[in-house]
Protein chains: 2
Amino acid sequence: MPSAFHSHPLSRFVRKCESIAPLSDAERQAILNLPIKVSALSARQVILCDGDTPTHCYLIVEGWACSYKMISEGRRQIVAFHIAGDIPDLRSLHIGTMDRSLGSLTGVTVALIPHDSLRDLIVRYPGIAAILWRDTLVDAGIFCEWITSLGRRTSFEHIAHLFCELYLKLRAVGLANGHGCPLPVTQNDLADALGLTSVHVNRVLQEMRSRGLISLSGRQLVISAWDEVVRVAEFDPTYLQLEMRAVE
Amino acid sequence: MPSAFHSHPLSRFVRKCESIAPLSDAERQAILNLPIKVSALSARQVILCDGDTPTHCYLIVEGWACSYKMISEGRRQIVAFHIAGDIPDLRSLHIGTMDRSLGSLTGVTVALIPHDSLRDLIVRYPGIAAILWRDTLVDAGIFCEWITSLGRRTSFEHIAHLFCELYLKLRAVGLANGHGCPLPVTQNDLADALGLTSVHVNRVLQEMRSRGLISLSGRQLVISAWDEVVRVAEFDPTYLQLEMRAVE
DNA sequence: CGTCTCTTTGACTCCGTTCAAGCTCCGTGG
DNA sequence: CCACGGAGCTTGAACGGAGTCAAAGAGACG
């Protein structure tokens, strides 16, 4: 129960926007004045389904969600993890029908923002439109890294790369602590994001632990040997476009 | 030497925009009036390199290019194929430094558009900005499919899926013919896009041929059994957001 | 006609999967 | 307070899809 309780539901979103470009007072106020409906969901719920045509956007206020695709025989591919401040289905604002599903991984609280209000916001404030567009470009950069990891990195490198990415993303919105950050997903969820089986994820995690690179237990990831993990993953944070501001 | 010779270098780009949303005469004219510098490159050239900070955007007028990432030991992952009408580095307009490289696959002719002119265009015509934003969202949808293919589809399904995607993309800009389309890339290029080795791509292609699904030779792909290929790939074209207009 | 790039083939290897079982932790109810 | 149950984690053994290595064909082009 962190600070989200005491602050505006959209505060982490504002923070994320400001990490992309400065906001004027009017812009910040316009965002905070968006008419939202906050609601809480339990873990492992489907929020939006492939093919849906939503009339609202979902903003993650707290908790973890993911975008995923299902194909035959129960195969699932997670294509993105979403944390506080993300708008996973911003796409639906421009493209009516969902081409992937959105689900909660943990319990999440979301803010629903009507498409109309968002459209109005970006017409009145082109600067905000630019920030959101830029955000979708950063997400595209993340997709490229995932593609590269899936196609050409070993499973060890892939997992190391993902951990670096998640840690920095969480840190950028003030959700990391020292060398650690929450990672409230099962090894099976990780496997579905990595294109591996949970058995193999487990084995690689053990090797990372035994080499003293990380520790992971109780939904908490600690990257004990950051430099070494960065090195084996060949991790270059440029694509995340985070100006590393101080941790709150 | 098709019609690109006789028409404006940006005509396929205009066409692509119009396949996303209607353009007013003023908007179309504004695009065609962009100050461009057309230039021709030979095959297998690096156009932009990971880390570069270009001051122009490249628009593909003719030929094939690709975005890719290089990692250690010469490993290459192609993350996107680009054809006539695409602006592969639109991202550089909003995010200064490239997080991937851009190279020619075949000989290509490109149009260089200064960032300033493009920025001016989208400020004066928010409708064009919306189209370009939407285009980056469609590209993100393509990335998701590639991630799903890499992570959870068999190599056979993956290749079938890619062929469906490429065929429809080419058809949408009038570059397909009947059940066929150009595919002027080597099996090695395909392998680097599919996350496989060229040896294995070769074997899968042979199986597809022997099953009568496709033929591929002389840089020309023919999908002889479209329905069957769609079925095995579980291909759903929604993510491409193409309103299937008549082939020119 | 020779060279260079691309495709094809075969034999062997290995990374990651599959299947199956046991273990650990934790919340719940008797 | 402890027994129970279930989800998630861990382990082992056997398997298989795709990689590796190496060499031989096929085209394309000058």
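Conventions and cut-offs
- Residues numbered from 1 in each chain as written.
- Chains lettered and ligands numbered in written order.
- Predicted model: local features only at pLDDT ≥ 70, side-chain atom pairs only at ≥ 80, totals over all residues.
- Heavy atoms only, no water.
- Helix = DSSP H or I, 4+ residues; strand = E, 2+ residues; numbered from the N terminus.
- Expected span 1.5 Å × (residues − 1).
- Buried < 20%, exposed > 50% of the residue type's maximum accessible area, 1.4 Å probe, protein only.
- Domains from an automatic or database assignment.
- Contact = heavy atoms within 4.5 Å.
- Buried area = accessible area lost by both parts, 1.4 Å probe.
- Salt bridge = Lys/Arg side-chain N within 4 Å of Asp/Glu carboxyl O.
- Pairing = 2+ DSSP bridges.

**Some words on helix α5 (residues 126-152) of chain A**
Helical geometry: 3.6 residues make up each α-helical turn, so side chains three or four residues apart lie on a common side.
Here comes step 1: Given a rise of 1.5 Å per residue, 27 residues ought to cover 39 Å, and the 39 Å separating the end C-alpha atoms of α5(A) matches this to within 8%.
Here comes step 2: Most of α5(A) sits inside the fold, with 23 of its 27 residues counted as buried.

**A look at the domain arrangement of chain A**
All names here are of chain A.
Here comes step 1: Taken domain by domain, chain A comprises domain 1 (3-128) and domain 2 (153-240).
Here comes step 2: Listed as interface residues are 13 residues of domain 1 and, on the opposing side, 18 residues of domain 2.
Here comes step 3: Carbon and sulfur atoms make up 60% of the surface buried where domain 1 meets domain 2, a total of about 1,400 Å² over both sides.
Here comes step 4: Applying the counting rule to domain 1 against domain 2 returns 4 salt bridges.

**With respect to the pairing of strand β9 (residues 214-217) of chain B**
All names here are of chain B.
Here comes step 1: Residues Ile214 and Leu216 of β9 are buried on one face, while the alternating residues Ser215 and Ser217, pointing to the opposite face, are not.
Here comes step 2: Bridge count between β9 and strand β10 (residues 220-223): 4 bridges; the pairing is antiparallel. Across the sheet, Leu216 pairs through a bridge with Leu221, a residue of β10.
Here comes step 3: Taking the residues that link successive antiparallel strands as the turn, the β9-β10 hairpin has 2 residues, and the phi of Gly218 there is positive, at about 60°.

**Some remarks on helix α6 (residues 155-172) of chain A**
All names here are of chain A.
Here comes step 1: Relative to the 26 Å expected for 18 residues at 1.5 Å per residue, α6 spans 26 Å between its end C-alpha atoms, a close match to the ideal helical length.
Here comes step 2: With 16 of 18 residues buried, α6 is to be regarded as a mostly interior element.
Here comes step 3: Looking at the residues trailing α6, positive phi occurs at Gly174, about 80°.

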